[in-house]
Structure formats: structure tokens, C-alpha cells
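# Survey of secondary and tertiary structure
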Amino acid sequence: MKPNDEIERVLKEASIEINNAADQRVRDRMQQAYQHSTQAGGWRPKTVTLHASRFTLRAAAAVILLALGVLVGQFGSMLSGGSVAWAEVAQRFQTIPFFSATIYMKQDATAEPRQMELWMSRDGRARARLGRQIVFGRRGQVIQAFDVESRRPVEPDGVAVFFLQKLGEAEVFSLETVIRVMFGRQMHDVTPLVNPDAVISQDVVVFDLDLPDTSEWVRIWALRESRLPIRIRVWDPSDGQVTDAILEYSTEQAAEFFDPSAFEDLDQ
Amino acid sequence: MKWEERLLVRRLNRGDATALSEVYERCRDDLLRLAGAMLHDGPAAEDIVQDVFVAFAGSARTFRLTGSLKGYLATCVANAARNRLKAAARRKTTDLDAVTNLASPGEPPDTWMVFSEQFERVADAMADLPAEQREVIALHVYGDMAFREIAQWQQASIKTVQSRYRYGLDKLRSALNDEVAR
């Protein structure tokens, strides 16, 4: 252990004790100030609130893109008469009853990525793992979260809650809504096109969704033969913030896989 | 961590009062220790941290996070602590406790926090450091702020801040020799 570590440990371990009554008074003052500002300011429009956290939006955009049952369909209809390959990808994905995805989120170019695993069935059942948590959801609502090792219920991670909610919302979102809310752009400006330079082999086709007036863009990789999307990236090259989703397909998981009670009872 | 903070802020922007409690619980102890280490004065530290939390709560609906939330709050506490020390220095004939009492006339007399014996020794040792070194150590250890952020706040180079940290720790190591040896 380095010498600095020792003295830093001493500083960090030096504790304070809190008087509960006084602590509650501070909490009350804070809540009063917060409530007062809420009443004074009123509710902000949802679009403005969502626009506040760009990285969260980008992640949400990626996860909503994952719900391609909506979005791919939208792209497909948008591109009728355009890119035939994209329309085929859209149609093919809509036949998939189940998919899983590994999502990596990086806040900037040098940040460590945060990983999330997601399993989703077409009927809206979802299961996610984020850190030490397994979170179960259905149609955009979190049902329950557990510690992955102890299998005890825990407060669900805010990121997982946000993702699952967005997935639920995606069922009613149109592409136009997503673009407007997430990126503040109109649909007619947005067209995913085949990017011939990015084709890494004969087996893969790459689509770029370039958003005007912003440095952000979305890239989608799909297999030529199966027409299935396998990777989605939402990236801002100006600061390196990126959300990458790697998609996998398999036979549908058993109902117990999405059942929080079954997970909790497994070792009991 | 930043992810959670961004989501917390987003919830605050939307009017979620439970998010405010989460921010409070995440930051309370470290901010109190930060203020305590900078001021070596429990009541003054309490006043400052309470004021920072209440001010933050009042602006949380429109708050925009550009860096670390804890770093932002730590900077607010450090600014207030610095101002408090400057004001105390200007009033050389006024005891700091008297200034503290003037600052919050409506507060009940019971204290919000009590220093442990170990923290009391740490605060004693920190009080003997030059102010710049004390600030760097308190902000880095209790505010979780990077040297780059502290350098911006102190308007100094990163190397200077790192040197202040190193020299400050050397002095603390000597002063707290028994603690370090444990």
C-alpha cells in the first residue's frame, strides 16, 4: 500500500455522528424549499425535461431503437420505395418473438463502459441485469428487482428503471415522436441509408441515421442473409459519448425466465 | 456513478421528492466532513451545509448537471466555507462562534452532527495546514473531486494542486502519526 493510501484511509474513516432530530429538520427544510419551487415553477413539459440529459436520451434512444417492433416498422414504411434492404431488415425483425441485447454505455471517450444485459419478449416481458441487480419488468413497469447473488429484493437501479420504462413507452411511440423527443428533430430530416464504406464484409450491411444540425448519429448493422439487426450504436463523436447495443437471437426463454417469483424461489 | 447522478437530477427536474432524499443521503456526511475539515468548527459547518442543501433543493427543478453532482455541492460548500473564513478574518475581534450564531438566528440550539474523536484529531491537524492545502485535501477526500476540478476552483495549475495535496498529506501524516500507524 502506498503511503498516501494510509493517510487517505485515516481521513476517510474519520467519521461524524448525526443527531436524528436535527437531521429531520434539515430534511424538512429541504423538502419545503423543493415543494415551494415546484409550486412556483409548475410542471415542465416532458420534452424539455428529457432534453436535459443528453446522454440519458442517447441511451434511451438506443434502447427504444431496440424495440424495433415499432421503430423498424416505422423506418420500413418510411423507406418504402427507398432502401429495399432496410425494409427487409424491418420486416424480418418484426417476426422475432424474443431477443437479448448487451448494452454498453460510455459517458465520454475515456470513461469506463457500464454494461447492461437485456432480455425481451415480444409480449412486453423484460428482464435486465445491471451490476449486481436483476430487474424484472412488464410493459414498461418494473415488477421487482433482486440482488443477483442473494436473490433478495432490492430497490431497482435507476438506470434499469429508466430503460424498462422507455421500452414500455416505445410501444406507443412513433419514430417521429422518438426523434422529436430524443433529438429535437423532425422525421422528414431523418433517413437511414446504406453506408457502403462501412460494410465490413459481404455478410453485413450498415445503415446510418444521420441527424441534421447535430453531431450525433445512429449506426445499425444487420446481417445480409438473415436480415436481422445485430448491433446498434448511438454516438456523439464530439465528446465520445456512446451507447452500443449488441443484439442476439435465440429460441424464446421459458415463462419462468421472466417471472420474478421463480427467480426468488430458485434456491429456496 | 455519474449515470446515477444524472438520473437523480432528471428525477429532481420532474418533481420527484424522493430523489432529493437520495441526494441528501448520498452527500450529507461527506459535505459535513468537508465543511468541518475546512472550518474546524462544527456549528459553522452545519450552517453552511444546511444552507447549501436548502438552496440546492430550491433550485433542483431547474438544475442542470454539467459535471459531478457531489462535486457541485462540494464546491458550493467550499465557497461558503472560504467566505466564512474571510469574513471571520476581517472581524478579528469577533469570535467565529459569534459569527456562526448570527448566521442562523432561527435554528434550534441542538447540534446536527458531532465529530468523532478521530475526526476531531483530523480536523485539528487540518487546521494547522495552509488554507490552499486544506482545501485541496478536503475537496479531494470528502468531495470526491478530481485535481483537475479543484485546479479550476482554486484557479491554479493541476501540478500546483497536486503538490498542495502531497505536501498537505505529508504534514497530516506527521501530525496523525499514531492514527496512520494503526
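Reading guide: rules and limits
- Residues numbered from 1 in each chain as written.
- Chains lettered and ligands numbered in written order.
- Predicted model: local features only at pLDDT ≥ 70, side-chain atom pairs only at ≥ 80, totals over all residues.
- Helix = DSSP H or I, 4+ residues; strand = E, 2+ residues; numbered from the N terminus.
- Buried ≥ 20, exposed ≤ 12 C-beta atoms within 10 Å, placed from the backbone.
- Pairing = 2+ DSSP bridges.
- Expected span 1.5 Å × (residues − 1).
- Arc of directions from axis to C-beta.
- Contact = placed C-beta atoms within 7 Å.
- Nonpolar A, V, L, I, M, F, W, Y, C, P; charged D, E, K, R; others polar.
- Core = buried A, V, L, I, M, F, W, Y, C linked by C-beta atoms within 7 Å.
- pLDDT = per-residue confidence, 0-100.

## Description of the overall build of chain B
Helix and strand content of chain B: 10 helices and 1 strand. With 182 residues in all, chain B has 47% of them scored as buried.

## Observations regarding the pairing of strand β3 (residues 114–121) of chain A
Residue and element names in this part refer to chain A. Strand direction decides the pairing type here: strand β2 (residues 98–106) and β3, joined by 8 bridges, are antiparallel. If you follow phenylalanine 99 over to β3, its bridge partner there is methionine 120. Sheet analysis places β3 next to strand β4 (residues 125–130), joined by 5 bridges and oriented antiparallel. Bridge pairing links tryptophan 119 to arginine 127 in β4. Linkage of β3 to β4, two consecutive antiparallel strands, is achieved through a turn of 3 residues, within which glycine 124 is found at a positive phi near 95 degrees.

## Observations regarding helix α9 (residues 158–175) of chain B
Residues that lie three or four places apart on an α-helix share one face, since the helix turns once every 3.6 residues. Residues and elements named next belong to chain B. Helix length check: α9 (18 residues) gives 25 Å between terminal C-alpha atoms against 26 Å at 1.5 Å per residue, within 8%. Here α9 has its buried residues at Val161, Arg164, Tyr165, Gly168, Leu169 and Leu172. Relative to the axis of α9, the buried residues are bounded by an arc of 130 degrees and lie together on one face. Opposite its buried face, α9 presents the exposed residues Lys159, Arg166 and Ser174, each directed more than 90 degrees away.

## Description of the interface of chain B and chain A
Listed per partner, the contact involves 44 residues of chain B and 41 residues of chain A. For the side of chain B that touches chain A, the elements supplying multiple residues, two or more each, are α1 (2–13), α2 (17–39), α3 (42–59), β1 (113–115), α6 (117–127), α9 and α10 (177–181) of chain B. Element by element, the count of residues in the side of chain B that touches chain A is highest for α2(B), at 8 residues. Of the residues in the side of chain B that touches chain A, the class split is 21 nonpolar, 11 polar and 12 charged. Where strand β1 (residues 16–18) of chain A meets β1(B), 3 bridges bridge the pair, whose relative direction is antiparallel. Within the sheet, the bridge partner assigned to A:Ile18 lies in β1(B) and is B:Met113.

## Structural notes on the nonpolar core
If you look at the biggest cluster of nonpolar residues, it comprises 63 residues, and the most contacted ones within it are B:Leu31, B:Leu34, B:Ala35 and B:Val77. Examining the composition of this core, we find that 11 residues originate from one element, α2(B), more than from any other. Once residues within four sequence positions are removed from consideration, B:Leu31 is found in contact with B:Val49, B:Val52, B:Leu73, B:Ala74 and B:Val77. Within the second largest apolar cluster, 32 residues are counted, among which are A:Ala126, A:Ala128, A:Ala245 and A:Leu247.

## Concerning the pairing of β4(A)
All names here are of chain A. For β4, a buried count of 5 out of 6 residues is recorded, marking the element as mostly surrounded by other parts of the structure. Judged from the 6 bridges that link them, β4 and strand β5 (residues 133–138) form a sheet pairing that is antiparallel. Residue pairing in the sheet places arginine 127 in a bridge with phenylalanine 136 of β5. As consecutive antiparallel partners, β4 and β5 are separated by 2 residues, and within that stretch glycine 131 has a phi angle of approximately 60 degrees, a positive value.

## Details of the confidence of the model for chain A
Detailed reading of predicted coordinates is not advised where the pLDDT is low. Residues and elements named next belong to chain A. On average, residues of chain A carry a pLDDT of 70, and 60% of them reach 70 or more. Highest mean pLDDT in chain A belongs to β5 (91); lowest belongs to helix α3 (residues 46–51) (29). Note that residues 69–84 has pLDDT below 50 and, in this model, 31 contacts with residues that lie over four places away or in other chains. Throughout residues 172–190 the model reports pLDDT below 50, and contacts reaching past four residues in sequence, or to other chains, amount to 34 contacts.

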